[in-house]
Amino acid sequence: MSQEFDLVVIGGGPGGYVAAIRAAQLGLKTACVEKWTNDKGAPVLGGTCLNVGCIPSKALLDSTHKFHDAKHEFESHGINTGEVSIDVAAMLARKNTIVDNLTMGVAGLFKANGVTLIHGTGQLQKDRGVKVTAANGSESHLKAGNVILAAGSVPVTIPSAPLIEDIIIDNVGALSIKQVPKRLGIIGAGVIGLEMGTIWQRLGSEVVVLEAMDNFLSTIDKDLSKEAAKCLKKQGMNIRLGALVTSTEVANNEVKVAVKKADGDSETLTFDKLIVAVGRKPYTEGLLSADSGVAVDGRGFVHVSTRCKTDAPGVYAIGDIVRGPMLAHKASEEGMMVADIIAGHKTLMNYDCIPWVIYTHPELAWVGKTEQELKAEGVAIKVGKFPFTASGRAMAANDTQGFVKLIADAETDRILGCHIIGGNASELIAQAVIAMEFGSSAEDLALTVFAHPSMGEAIHEAALAVDGHAIHMANRKKRK
Ligand code: FAD
Ligand code: NAD
């Protein structure tokens with residue numbers, strides 16, 4: 001006999017668990033199948049994000065930011081601390097406690113909302129059947145009115161740098177390094193590479209980032225990537241562009257990395273640890289039976305419509321296994337959208353207003369299109385930029401690196417993009433997201449009252465600067 005549900009969600013990451021909670025709130029009899037197991041053999045919710053992604057990485061970024069401030073910034077505030085040192089074991093223990101609290105919190109939310117958690121590996125079968133294989137190999141079967149696939153993603157590996165426990169590591173290993181490595185190599189100057197590099201560099205590692213592309217952060221606004229490169233270089237991060245890793249060799253607790261440089265020359269670098277962070281790929285291994293009816297594209301992503309419908313009736317897919325940015329908040333919003341659709345509500349997600357953040361210091365955050373994309377599309381634009389060096393709050397906080405760049409349509413004044421590099425950019429970007437979600441013009445933001453003193457005033461000033469009327473910056477235009 002198979003158990004029956006209105007909805008079965010496969011995967012309990014930020015896509016799947018949010019979808020399950022929303023569906024249960026809307027009155028659907030909901031189960032979530034999750035295979036993640038802790039060291040006691042119990043199921044763990046939260047997926048990549050809570051366990052080995054967003055949350056643990058930000059916990060370590062926050063710890064190391066405080067360490068850096070205590071070591072290098074406190075003195076300028078007149079605070080004398082004496083010798084500052086880091087207890088890596090305590091830092092990792094704190095991170096683990098945060099992860100445990102959050103994952104247990106999600107389990108509590110499942111209970112409170114009446115979501116049934118089924119521990120095991122789910123596979124979609126024909127006509128929305130779901131086979132669940134438990135850790136001991138026993139099988140059970142579920143029948144579902146609807147299914148949401150939310151199996152997430154896994155790191156890409158490269159043949160030239162196969163993972164070797166504790167020495168050539170991915171994001172999981174990078175979040176649990178037990179001693180500060182003297183020499184840390186990172187393959188890939190993407191989001192993970194820069195965040196992990198920042199963590200360990202603040203603790204004293206010499207960090208070398210090997211990036212295959214000739215351009216740094218090639219998909220983001222050029223002003224932002226240029227400023228980020230400048231700031232990270234100043235911090236001592238050695239980012240080598242056009243550097244292709246051709247082979248690695250581990251011996252005597254170190255790794256020798258052969259690199260082909262942009263000029264064609266080769267060199268060998270030696271590190272104590274090497275982090276491989278060259279992207280992630282959708283995780284669909286074993287997820288679909290041959291007759292499930294769900295199509296997967298050439299890159300392994302489950303094929304879906306704008307409303308996340310797969311090619312099989314009643315089967316949806318969300319989060320990292322489908323097109324679009326691999327971001328937790330994108331996965332969660334898709335989860336809510338799909339739960340609403342299944343419950344019979346009309347809803348739509350705005351893919352044009354998804355913010356991105358890179359949690360280095362200064363932080364990078366953006367939403368909408370870049371200046372380069374808009375120019376390539378032939379859109380006439382106006383750009384307003386305001387530097388944090390001219391912000392009173394930034395000066396008070398000793399945090400004056402970076403700027404806000406706001407892009408508006410030259411004709412309609414509608415905001416088309418916002419690109420921020422600076423302290424608290426991850427929080428500031430929400431102001432631009434809300435403005436864009438409401439279809440605001442730059443003038444709408446310029447007419448909005450911002451608290452003084454606040455970092456947000458830089459957004460106000462950038463909006464004023466779109467028409468050359470920033471107050472705390474030399475004006476380009478006379479006010480009419
Ligand atoms: P996942 O979180 O990967 O969850 C999928 C779940 O499905 C897992 O728990 C898995 O065990 C389970 N599963 C898979 N297959 C099966 C199966 N067959 N049966 C049962 N269960 C299954 N994003 C941000 O927005 N902000 C950040 O700051 C951020 N930082 C990150 C830092 C790192 C180091 C990494 C690696 C990622 C980061 N991300 C961040 C990306 C974010 O973690 C992902 O975009 C997000 O977790 C995707 O959510 P998801 O629900 O689609 O998949
Ligand atoms: P990424 O796509 O951000 O960066 C990978 C980098 O590796 C790219 O610059 C790429 O050119 C480079 N690369 C690829 N192959 C290479 C090779 N053989 N040698 C050298 N360089 C190579 O991927 P990531 O950093 O692994 O992160 C994966 C995804 O996880 C991100 O795209 C993002 O969606 C998500 N994530 C988000 C956050 C956040 O929101 N703050 C943090 C971490 C991860």
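It should be emphasised that the depicted structure is a prediction, and the values quoted were computed from it without experimental measurement. Position numbers for residues count from 1 along each chain, tracking the sequence in the order it is written. Here every chain gets a letter starting at A, and every ligand a number starting at 1, in the order they are written. Owing to the predicted nature of the model, reporting of local features is limited to residues with pLDDT of at least 70; listing and counting of side-chain atom pairs is limited to 80 or more, with chain, interface and lining totals taken over all residues. Only heavy atoms go into the side-chain values, all of them from the structure, while hydrogens and water stay out.

Draft legend 1. Main features of the domain arrangement of the protein chain. One can read the domain layout of the protein chain as domain 1 (3-155 + 281-349), domain 2 (168-278) and domain 3 (353-465). These domain limits were set by an automatic method or by a database of domain assignments. Placing the centre of domain 2 and that of domain 3 at their C-alpha centroids yields a distance of 29 Å. By buried area we mean how much accessible surface two parts lose on assembly, using a 1.4 Å probe and totalling the loss over both. Between domain 2 and domain 3, the buried area comes to about 1500 Å², and carbon and sulfur atoms account for 66% of it. Note on definitions: salt bridges are taken to be side-chain nitrogens of Lys or Arg within 4 Å of carboxyl oxygens of Asp or Glu. The interface formed by domain 2 and domain 3 holds three salt bridges in total.

Draft legend 2. Expanded view of the site of ligand 1. If a single non-hydrogen atom of a residue is within 4 Å of a molecule or strand, that residue counts as near it. Looking at ligand 1, there are 39 residues lining it, with Glu 34, Thr 48, Lys 58, Gly 122 and Ala 328 nearest. Any pair of nitrogen or oxygen atoms within 3.5 Å is treated as a polar contact; in protein, a donor-acceptor pairing is required on top of that, and neighbouring residues in sequence qualify only through side-chain atoms on both sides. Between an oxygen atom of ligand 1 and a main-chain N or O atom of Ala 150, the distance comes to 3.5 Å. Under the convention used here, a 1.4 Å probe and the Shrake-Rupley method define accessible areas, while residue burial counts only the protein chains that appear. Protein contacts shield 94% of the accessible area of ligand 1, which totals 1000 Å² for the unbound molecule. Helix and strand assignments follow DSSP, with helices taken as H or I runs no shorter than four residues and strands as E runs no shorter than two, numbered in order from the N terminus. Listed by contribution, the elements that provide at least two residues to the shell around ligand 1 are strand S2 (30-34), helix H2 (47-52), helix H3 (54-72), strand S4 (121-124), helix H6 (191-202) and helix H8 (328-342). Of the residues forming the shell around ligand 1, the biggest block, four residues, is contributed by H2. Residues were grouped as follows: Ala, Val, Leu, Ile, Met, Phe, Trp, Tyr, Cys and Pro as nonpolar; Asp, Glu, Lys and Arg as charged; and all remaining residues, including Gly, as polar. Within the shell around ligand 1, the residues separate by chemical class into 18 nonpolar, 16 polar and five charged. Looking at which domains feed residues into the shell around ligand 1, each of domain 1 (3-155 + 281-349) and domain 2 (168-278) gives three or more.

Draft legend 3. The arrangement of the sheet that holds strand S12 (residues 244-251) in detail. Pairing between strands is defined by DSSP: at least two bridges between them are needed. The three strands are arranged S12-S13-S14 in an open sheet whose pairing can be described as antiparallel. Looking at which strands have only one partner, the edges of the open sheet turn out to be S12 and strand S14 (266-271). Sheet twist, expressed as the mean angle between neighbouring strand axes with direction ignored, is 20°. A fitted line through C-alpha atoms represents every axis, and for helices the fit uses only the stretch in contact; the resulting angles, taken between N-to-C directions, go from 0 to 180 degrees.

Draft legend 4. The side chain of Ser 292, seen in detail. Structurally, Ser 292 is set in the loop between strand S16 (280-282) and strand S17 (315-317). Since its relative accessible area comes to 6%, Ser 292 is described here as buried. For Ser 292, the side chain forms a polar contact with the main-chain nitrogen of Val 294, separated by 3.3 Å. Partly exposed describes any residue whose relative accessible area lies between the buried limit of under 20% and the exposed limit of over 50%, with all areas from a 1.4 Å probe on protein chains only and scaled to the type maximum.

Draft legend 5. A look at unusual backbone geometry. Cis peptide bonds are those with omega within 30 degrees of zero, and the linkage from His 361 to Pro 362 qualifies with 0°. Relative to the helices and strands, Pro 362 resides in the loop between strand S18 (356-358) and strand S19 (363-368). Note that the residue after His 452, namely Pro 453, is joined by a cis bond; omega there is -10°. Tracing the sequence through the fold places Pro 453 in the loop between helix H12 (442-446) and helix H13 (457-465). The phi angle at Asn 253 is positive, at roughly 65°, despite the residue not being glycine. Mapped onto the fold, Asn 253 is located in the loop between S12 and strand S13 (254-260). Accessibility expressed as a relative area gives 66% for Asn 253, which makes it exposed. If you check the backbone angles, Asn 398 has positive phi at about 55° while not being a glycine. Here Asn 398 is to be found in the loop between helix H10 (392-396) and strand S21 (403-409).

Draft legend 6. Seen up close, the side chain of Glu 211. Within the fold, Glu 211 resides in the loop between strand S10 (206-210) and helix H7 (222-234). By the counting rule applied here, Lys and Arg register as positive and Asp and Glu as negative, while His and the ends of each chain are not counted. No salt bridge is formed by the buried Glu 211; its nearest oppositely charged neighbour, Lys 222, is found at 12 Å. Here Ala 189 takes part through its backbone nitrogen, which lies 2.8 Å from a polar atom of the side chain of Glu 211.

Draft legend 7. Representation of the packing of aromatic side chains within the structure. Aromatic pairs are defined between Phe, Tyr and Trp rings, using the six-membered ring for Trp, whenever the two ring centres lie within 6.5 Å; interplanar angles under 30 degrees are classed as stacked, those over 60 as edge-to-face, and all others as tilted. Summed over the entire model, instances satisfying the criterion amount to one aromatic pair. Aromatic pair Trp 356 and Trp 366: ring centres 5.7 Å apart, planes at 0°, arrangement stacked. Note that Trp 356 is positioned in strand S18 and Trp 366 in strand S19, a separation of ten residues in sequence. Taking the relative accessible area as the measure of exposure, Trp 356 reaches 26% and is therefore partly exposed. The residue whose ring lies beneath Lys 29 is Phe 5, and the NZ or CZ to ring-centre distance is 5.0 Å. Here, a charge over a ring means that NZ of Lys or CZ of Arg falls within 6 Å of the ring centre while also lying within 35 degrees of the ring normal. Here the guanidinium or amino end of Lys 385 rests over the ring plane of Phe 403, the centre of that ring lying 4.3 Å away.

Draft legend 8. Up close: the pattern of salt bridges. Under the counting rule described, the total for this entry stands at 20 salt bridges. Measuring nitrogen to oxygen at the nearest pair gives 3.5 Å for the salt bridge that ties Lys 256 to Glu 254. Using a relative accessible area of 37% as the deciding quantity, one classes Lys 256 as partly exposed. Beyond isolated ion pairs, a larger network of salt bridges with shared partners links Asp 221, Asp 223, Glu 371, Lys 375, Lys 385 and Lys 405.

Draft legend 9. Structural context of the site of ligand 2. Taken together, the neighbourhood of ligand 2 is formed by 21 residues, with Ile 192, Glu 211, Gly 279, Met 326 and Val 357 sitting nearest. Take Ala 212: an N or O atom from its main chain is 3.2 Å from a nitrogen atom of ligand 2. Within the backbone of Val 357, one N or O atom sits 2.8 Å away from a nitrogen atom of ligand 2. Burial of ligand 2 by the protein amounts to 76% of the accessible area it has alone, namely 840 Å². Those elements that provide at least two residues to the shell around ligand 2 are H6 and S18. Here the shell around ligand 2 gets three residues from one element, more than from any other, and that element is H6. The residue makeup of the shell around ligand 2, split by class, is 14 nonpolar, three polar and four charged.

Draft legend 10. Expanded view of the environment of Val 245. On the secondary structure map, Val 245 appears in strand S12. A relative accessible area of 9% places Val 245 in the buried class. For the pair Val 245 and Thr 268, spaced 23 residues apart in the sequence, the C-alpha separation amounts to 9.5 Å. The contact criterion used is simple: two residues touch if any of their non-hydrogen atoms lie within 4.5 Å. What Val 245 contacts, discounting residues up to four positions off in sequence, is Ser 160, Ile 187, Leu 210, Val 257, Ala 258 and Val 259.

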